[in-house]
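# Coordinate analysis (summary)
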Amino acid sequence: TAPTKIGEKVDTGVLGHSGSAAIALFNDRLYIGGEKGLGVMNVADPLKPTMVGGKIDTGAICHRCQCHLVVHENLLYVAGGNGFAVMSLENTEEPARVGDFINTGALSDGGGANMAIFGKTLVLGGGKGMVCFDISDPKTPKKDGDRADTGLLSELGSVKLLVAGDKTMYVA
């Protein structure tokens with residue numbers, strides 16, 4: 001059967017015309033990343049989603065760049081053209097940045113962003129390559145090695161990472 005539209009369009013306040021969108025779900029909150037920042041939507045009633053609060057500046061997302069969001073424990077990892085940020089979800093309606101955003105060396109202001117987690121390692125891919133972070137302490141990711149240039153990624157293209165099993169990752 002074909003998908004059926006339910007409800008009405010919701011203005012998130014964070015999406016624009018030239019950047020990308022990313023979403024992540026944590027309990028009954030949907031986090032939406034876009035070129036204008038991070039937004040929080042209450043989806044407790046999926047037929048009537050509502051925005052909670054205003055735009056949140058993560059420090060990582062920029063105009064024109066792609067972004068990616070990953071929930072890990074009670075944290076939201078945010079990757080965008082400006083870098084990588086860790087947001088606490090202790091207050092699910094007002095995520096707060098934990099520490100400064102991190103310049104990964106792998107992200108570009110016009111390129112893709114994607115993340116995958118393998119156990120205690122977060123792999124971040126961007127237009128300039130890939131980099132790993134040790135997330136043994138999830139609030140304080142530590143860069144683990146140098147940026148790797150895959151030879152596949154473009155500073156202006158998108159990036160997709162797919163984890164298959166515990167030792168294999170595909171990059172496109």
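A few points on the structure. (Residues numbered from 1 in each chain as written. Predicted model: local features only at pLDDT ≥ 70, side-chain atom pairs only at ≥ 80, totals over all residues. Heavy atoms only, no water.)

## Describing the pairing of strand β5 (residues 68-72)
Here is the rule we go by: Only strands joined by at least two bridges in the DSSP assignment are considered to pair. Think of it this way: any DSSP run of H or I at least four residues long counts as a helix, any run of E at least two long counts as a strand, and we number them from the N terminus.
Two strands pair when backbone bridges link them, and β5 and strand β6 (residues 75-80) are joined in this way by five bridges, in the antiparallel orientation. What sits directly across from histidine 72, in β6, is leucine 75. The antiparallel pairing of β5 with β6 creates a hairpin that spans two residues between the two strands, and glutamate 73 there sits at a positive phi of about 55°.

## Regarding the sheet that holds strand β7 (residues 83-88)
Strand pairing in a sheet is mediated by backbone hydrogen bonds. Such pairs are either parallel or antiparallel. If you trace the four strands from one edge of the open sheet to the other, you get β5-β6-β7-β8, paired in antiparallel fashion. Because the sheet does not close on itself, it has two edges, and the strands there are β5 and β8 (96-97). Both β6 and β7 contribute to a ladder of six bridges, which runs antiparallel. Bridge pairing links leucine 75 to serine 88 in β7.

## Looking at the packing of aromatic side chains
The criterion, for reference: Aromatic pairing here means that ring centres of Phe, Tyr or Trp (its six-membered ring) are within 6.5 Å. Orientation follows from the plane angle: under 30 degrees is stacked, over 60 is edge-to-face, and everything else is tilted. Each residue is placed in one exposure class: buried if its accessible area under a 1.4 Å probe, protein chains only, is under 20% of its type's maximum, exposed if it is over 50%, and partly exposed if it falls in between.
Summed over the entire model, instances satisfying the criterion amount to two aromatic pairs. Judged by centre distance (5.6 Å) and plane angle (55°), the ring pair of tyrosine 77 and phenylalanine 84 falls under tilted. The two residues tyrosine 77 and phenylalanine 84 agree in class, both being buried.

## Focus: the pattern of salt bridges
Worth spelling out the cut-off: Should a side-chain nitrogen of Lys or Arg be within 4 Å of a carboxyl oxygen of Asp or Glu, the pair is scored as a salt bridge.
Tallied over the entire structure, the rule returns three salt bridges. Put simply, aspartate 28 and arginine 29 hold a salt bridge, and the shortest N to O gap is 3.0 Å. According to the relative accessible area criterion, aspartate 28 is partly exposed, its value standing at 31%. Across the salt bridge formed by arginine 29 and glutamate 93, the nearest N and O atoms sit 2.7 Å from each other. Taken together, the residues span a long stretch of sequence, with arginine 29 in strand β2 (residues 29-34) and glutamate 93 in the loop between β7 and β8 at a distance of 64 residues. One salt-bridge network, held together by shared partners, links Asp28, Arg29 and Glu93.

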